[in-house]
Amino acid sequence: QGDVEEDEAVPDSEQDIKPRFHKSRTVTLAHEEQRDGDGDGDDEDDDDTLSDWNLRKCSAAALDVLANVFREELLPHLLPLLKELLFHLEWVVKESGILVLGAIAEGCMQGMVPYLPELIPHLIRCLADRKALVRSIACWTLSRYAHWVVAQPPELYLKPLMTELLQRILDGNKRVQEAACSAFATLEEEACTELVPYLSFILDTLVFAFGKYQHKNLLILYDAIGTLADSVGHHLNQPEYIQKLMPPLIQKWNELKDEDKDLFPLLECLSSVATALQSGFLPYCEPVYQRCVTLVQKTLAQAMMYNQHPEQYEAPDKDFMIVALDLLSGLAEGLGGHVEQLVARSNIMTLLFQCMQDTMPEVRQSSFALLGDLTKACFVHVKPCIAEFMPILGTNLNPEFISVCNNATWAIGEICMQMGAEMQPYVPMVLNNLVEIINRPNTPKTLLENTAITIGRLGFVCPQEVAPMLQQFIRPWCTSLRNIRDNEEKDSAFRGICVMIGVNPGGVVQDFIFFCDAVASWVSPKDDLRDMFYKILHGFKAQVGEENWQQFSEQFPPLLKDRLAAFYGV
């Protein structure tokens, strides 16, 4: 069924195109360990087009599970079989070998490493196989080893792999195009800025594919372009790259009607591009901004009519509104202060007030992300609404809806930093909920971290109001922030804790070892923050006396003891 060689000119039948679901923005923080082992479930299956589960696919899935359970122990049983398959003369047999190699990649990675210098070049040669099904499966399997490829010197594997994958993106076979695009997106995520030297070449290929692809693969191409923008960031902001990339994107943007669901992937893609291009996106921002506001407005109006007369009107597809809010967030993040005039000339704050109260959690989630981004970019337009917005934010500090709660928490923290002492009247609306969330068992890591940051920021601007509760949150606060990389958010939160300890030193006494550990997690705090740490540590030591301090510091793990001695002389 899939053994077709050239079909790129055949239009897609609409029922082949699976509905897409937009994943709303969730605000997260950077961690010490570069890679989060959360497995984002992004490994799209290689066999989506024949999505009926056949024996071949079930077997591959079973091998994947076995590999993840038995790890290296599986290899002695598997490798003799695999060798025979991978180099077989019959293409059907060779294809199955390549699938097996991809299926075990995750579980057996360590044990496979010695064989990869020989296998990866073989797989790259398979990308040029005369059979389309061999080419497409080779794309998938190579993407499963992308992490290893990127860790080697680029000349060895990355460059040949990229060159060959880009040719497959322009393959004459739709299934190969799809597999190559997906594999390339995975490679982009792994390689990040390693791709910068090849940007011109990459963009030429992706833009050429625009004119070549049928409907379904266009949607995957948007994803590959968005991922490229996420991966190389501001390096994309060069006039020659913008010249290549923007005209075809804007052309598609103009062709699509407001009711067309193909807007979703295009809006997501533009959101990544806008964030990466920063000021480079300025020439395009006005029409994009206006249309997003229109999409939000239309959806809200339709929802209102539906609520009043459900028998006369259809319920709106709120995804249009969610995707538009997320693109507005991307614009605010990318353009920063430049977004101010656009906000000034629109009714976005009024619309946001309605979106923040929507019954659908995903709408609220994206609204709070946008509120936080607008707070950072142009607070002058947010400030007049604070009195109305804060009670809504307080009500949404409900961990039943994790992502809504997370984004509301983050937005409150950003508002604190802009409001300063004027935040005081709003502390009672949010503080108890935040303290309750940080003490809840089984709260996801992201939410704990954002909650800790916001409590710290709240305490930084209103120490008198927050410090009395120090004892109720200091321990989980310290443990949730010790693994976060040094950054602005961590900086402001720790300043808040230091100020609160100044107001209420008793609140930290029982958990002081946790505070010491959190302080030691800083690699290079700013000088004045380091001074704050120094004063607190030495103040505590002077307070309890030399002998008690010795007893206390005996409980420290050796590493913590060494760091505090080296950095703070205690």
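None of these values were measured; they are calculated from a predicted model.

The rules we used
- Residues numbered from 1 in each chain as written.
- Predicted model: local features only at pLDDT ≥ 70, side-chain atom pairs only at ≥ 80, totals over all residues.
- Heavy atoms only, no water.
- Helix = DSSP H or I, 4+ residues; strand = E, 2+ residues; numbered from the N terminus.
- Rg over C-alpha atoms; globule rule 2.2 N^0.38 Å.
- Buried < 20%, exposed > 50% of the residue type's maximum accessible area, 1.4 Å probe, protein only.
- Contact = heavy atoms within 4.5 Å.
- Areas by Shrake-Rupley, 256 points an atom, 1.4 Å probe, with all protein chains shown as cover.
- Phe/Tyr/Trp six-rings, centres within 6.5 Å; stacked < 30°, edge-to-face > 60°.
- Salt bridge = Lys/Arg side-chain N within 4 Å of Asp/Glu carboxyl O.
- Core = buried A, V, L, I, M, F, W, Y, C linked by side-chain atoms within 4.5 Å.
- pLDDT = per-residue confidence, 0-100.
- Axes fitted to C-alpha atoms, helices over the stretch in contact; angles between N-to-C directions.
- Parallel < 35°, antiparallel > 145°, perpendicular 65-115°, else oblique.
- Left-handed = near helix turned anticlockwise from the far one by under 90°.
- Disulfide = S-S within 2.5 Å.
- UniProt positions renumbered as here; feature names shortened; annotations may be inferred.
- Expected span 1.5 Å × (residues − 1).
- Arc of directions from axis to C-beta.

Let us now look at the overall build of the chain. When its secondary structure is counted, the chain shows 30 helices and zero strands. For 570 residues, the compact-globule estimate of 2.2 N^0.38 gives 25 Å, and the chain sits close to it at 27 Å. In terms of principal-axis extent, the alpha carbons of the chain reach across some 80 × 65 × 45 Å. With 570 residues in all, the chain has 54% of them scored as buried. The long-range share in the chain, meaning contacts at least 24 apart out of those at least 6 apart in sequence, stands at 77%. Summed over its atoms, the accessible surface of the chain is roughly 25,500 Å², and 53% of this surface lies on carbon and sulfur atoms.

Here the focus is the packing of aromatic side chains. Taken as a whole and assessed by the stated rule, the structure comprises 20 aromatic pairs. An angle of 70° between the planes, with centres 6.0 Å apart, marks the rings of Phe540 and Trp549 as edge-to-face. Grouping residues by exposure puts Phe540 and Trp549 together as buried. A ring pair is formed by Trp549 and Phe556, whose centres lie 6.3 Å apart and whose planes are at 90°; its orientation type is edge-to-face. Take Phe556: its relative accessible area is 6%, and that puts it in the buried class. Connected via pairs of aromatic rings, a cluster forms that spans Trp477, Phe494, Phe512, Phe515, Trp522, Phe533, Phe540, Trp549, Phe552, Phe556, Phe567 and Tyr568.

So, about the pattern of salt bridges. Inspection of every chain in the model, using the stated rule, returns 31 salt bridges. In this structure, Glu8 engages Lys212 in a salt bridge whose closest nitrogen and oxygen atoms are separated by 2.8 Å. With Glu8 in the segment before helix H1 (55-70) and Lys212 in helix H10 (residues 199-212), the pair connects residues that are 204 residues apart, well separated along the chain. According to the relative accessible area criterion, Lys212 is partly exposed, its value standing at 21%.

In terms of nonpolar packing, the biggest core is built from 197 residues, with Phe281, Met423, Phe473 and Trp477 touching the most fellow members. If we skip the residues at most four places from it in the chain, Phe281 touches Met246, Leu270, Val273, Ala274, Val288, Leu331 and Leu335.

Detail in the predicted coordinates should be disregarded across regions flagged by low pLDDT. Considering every residue of the chain, the mean pLDDT works out to 93; 95% of them sit at 70 or more. Note on residues 33-50: pLDDT is under 50 here. Beyond four places in sequence and across chains, it has 27 contacts.

Take unusual backbone geometry next. Even without being a glycine, Arg71 presents a positive backbone phi close to 50°. Tracing the sequence through the fold places Arg71 in the loop between H1 and helix H2 (75-86). One non-glycine residue with positive phi stands out, namely Gln278, at about 50°. Mapped onto the elements, Gln278 comes out in the loop between helix H13 (263-277) and helix H14 (282-308). In this structure Gln278 comes out as partly exposed when scored by relative accessible area, which is 37%.

What follows is about the packing of helix H25 (residues 470-481) against helix H27 (residues 512-520). The contact between H25 and H27 brings their axes to 9 Å, and the two run at 25°. Taken together, the axes of H25 and H27 are roughly parallel relative to one another. Considering the relative orientation of H25 and H27, their crossing is left-handed. Note on element contacts: H27 touches H25 through Phe514, Phe515 and Ala518, opposite Arg475, Cys478 and Thr479.

The next subject is the state of the cysteines. Evaluation of the coordinates by the stated rule reveals zero disulfides. Free cysteine: Cys385, not disulfide-bonded; nearest cysteine sulfur from Cys378 at 10 Å. Free cysteine Cys462: the closest other cysteine sulfur is in Cys416, separated by 6.9 Å.

Okay, the UniProt feature "domain: Importin subunit beta-1/Transportin-1-like TPR repeats" (unreviewed entry) in the chain next. UniProt tags residues 161-302 and 346-448 as "domain: Importin subunit beta-1/Transportin-1-like TPR repeats" (unreviewed entry). Annotated as 79% helix and 0% strand, the span residues 161-302 places its first and last C-alpha atoms 48 Å apart. Helix makes up 71% of residues 346-448 and strand 0%, with an end-to-end C-alpha separation of 35 Å.

Turning to H1, a few remarks are in order. Compared with the 22 Å implied by 1.5 Å per residue over 16 residues, the 22 Å span of H1 between its first and last C-alpha is a close match. Within H1, burial applies to Lys57, Ala60, Leu63 and Ala67. Seen end-on, H1 carries its buried residues on one side only, within an arc spanning 120°. Opposite the packed face of H1, turned more than 90 degrees from it, sit the exposed residues Leu55, Val65 and Val69. Of the surrounding elements, those touching the buried residues of H1 are H2, helix H3 (91-103) and helix H4 (105-112). Immediately downstream of H1, the backbone of Arg71 shows phi near 50°, a positive value.

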